[in-house]
Amino acid sequence: VESLSKCLSSNNPAILSATVAALGNIGTVTAAKALEGAFAAGRESSFPALYSALIQCAETLREGGNCAAAIEIYKWPAHLTPQFQEAATRGLILVGATNALQLLAEALHTEGNAVLGLVQRDLPGIEVSGVLCDEVPKLSVERRVRVVQALGVRGDARAIRGLIDAARAGDKRVRLAAIRQMAATAVFVPVLSELAGDPAEALAKAAQQSLASLPGP
């Protein structure tokens with residue numbers, strides 16, 4: 001690591017890129033410290049690669065059981081750039097950091113959509129679904145629709161309850177999104193049957209269509 005660290009000051013882009021990638025692959029605390037030190041050079045063009053390598057180090061440390069070191073790295077880039085905030089938030093949640101769920105809640109209120117993909121694909125767990133459900137009423141309508149769609153993909157018990165709540169009351173666009181997420185899922189038959197008689201024609205029709213998508217006996 002020491003010899004590689006010296007190459008971080010290289011003016012040759014190819015050497016710098018290869019060095020950053022190598023330190024990320026090494027993934028030790030020492031490698032991470034070298035990467036952190038490289039920011040002092042102030043070459044913004046290299047920052048994305050440095051952030052990515054730092055996250056790679058944190059992932060290696062987390063998977064190896066060094067959670068304390070991983071948390072310190074995850075916290076560092078998370079507060080410096082939105083670009084890798086989602087990756088750092090994911091890592092903090094997976095490692096069980098105390099403020100991780102609060103960071104997720106805050107990320108839901110940002111303009112970026114990466115966090116929405118994150119909660120659909122990479123962060124299982126009823127606690128995460130709980131955060132989504134708690135934040136839904138506080139978001140813009142457009143953002144609420146996206147989070148409701150994420151709840152439909154997640155499909156755990158807390159997500160199911162949140163989806164039902166979203167379908168029963170609130171903005172029509174959010175309710176419609178929730179109803180559509182219930183298609184072809186038997187657990188939603190009671191609420192869809194209820195909503196099939198909703199006074200709002202569009203909602204009632206959507207509920208009927210979701211019911212019709214259920215497989216036959």
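All chains use their own residue numbering, which begins from 1 and follows the written sequence. This being a predicted model, a pLDDT of at least 70 is required before a residue's local features are given, and a value of 80 or more before pairs of side-chain atoms are given or counted; all residues contribute to the totals for chains, interfaces and linings. Calculation of side-chain values draws on the structure's entire complement of heavy atoms; hydrogens and water are dropped beforehand.

Caption draft 1: Representation of the nonpolar core in the model. Working definition of a nonpolar core: buried Ala, Val, Leu, Ile, Met, Phe, Trp, Tyr and Cys residues. They are joined through side-chain atoms within 4.5 Å. Burial status follows relative accessibility: with a 1.4 Å probe on protein chains alone, a residue under 20% of its type maximum counts as buried, one over 50% as exposed, and anything between as partly exposed. Residues Leu35, Ile179 and Met182 are the most contacted members of the largest nonpolar core, which totals 72 residues. Strands here are runs of E lasting at least two residues and helices are runs of H or I lasting at least four, both read from the DSSP assignment and numbered beginning at the N terminus. Sort the elements by how many residues they give to this core and helix H4 (residues 47–63) lands first, with nine residues. Contacts are assigned to residue pairs with any non-hydrogen atoms lying within 4.5 Å of each other. In this structure Ile179 touches Ala167, Leu192, Leu195, Leu203, Ala206, Ala207 and Ser210, once residues within four positions along its chain are discounted.

Caption draft 2: Up close: the layout of surface pockets. Note on definitions: the grid is 1 Å and covers protein atoms alone; a cavity is a set of points where a 1.4 Å probe fits but cannot get out; a pocket is an open set with protein on both sides within 12 Å along at least five of seven lines; lining residues have an atom within 4 Å of a point. Grid points are joined across faces, edges and corners, and a volume is the space filled by probe spheres set on the points. The computed volume of the largest pocket comes to approximately 170 Å³. For the largest pocket, the lining is made up of 13 residues, of which Cys133, Val136, Pro137, Asp165 and Ala166 are closest to its centre. Contributions of two or more residues to the lining of the largest pocket are made by helix H10 (141–154) and helix H11 (157–168). Residue contributions to the lining of the largest pocket peak at four residues, all from H11. For this scheme, ten residues count as nonpolar: Ala, Val, Leu, Ile, Met, Phe, Trp, Tyr, Cys and Pro. Four count as charged, namely Asp, Glu, Lys and Arg, and the remainder, Gly too, count as polar. Considered class by class, the residues forming the lining of the largest pocket number seven nonpolar, two polar and four charged.

Caption draft 3: Broad picture of the pattern of salt bridges. Only one rule defines a salt bridge in this text: a Lys or Arg side-chain nitrogen within 4 Å of an Asp or Glu carboxyl oxygen. Throughout the structure, instances matching the rule amount to 10 salt bridges. The shortest N-O distance in the salt bridge between Arg62 and Glu63 comes to 3.9 Å. Where Arg154 meets Asp156, a salt bridge forms, and the shortest distance between an N and an O atom there is 3.8 Å. Assessed through its relative accessible area of 14%, Arg154 is described here as buried. Among the charged side chains, a salt-bridge network with shared partners connects Glu59, Arg62, Glu63 and Arg90.

Caption draft 4: Expanded view of the confidence of the model for the protein. Per-residue pLDDT for the protein has a mean of 90; in total, 95% of the residues score no lower than 70. The predictor reports its confidence for every residue as pLDDT, a score running from 0 up to 100. For the protein, the element scoring lowest by mean pLDDT is helix H8 (residues 114–121), at 83; helix H12 (residues 172–181) scores highest, at 97.

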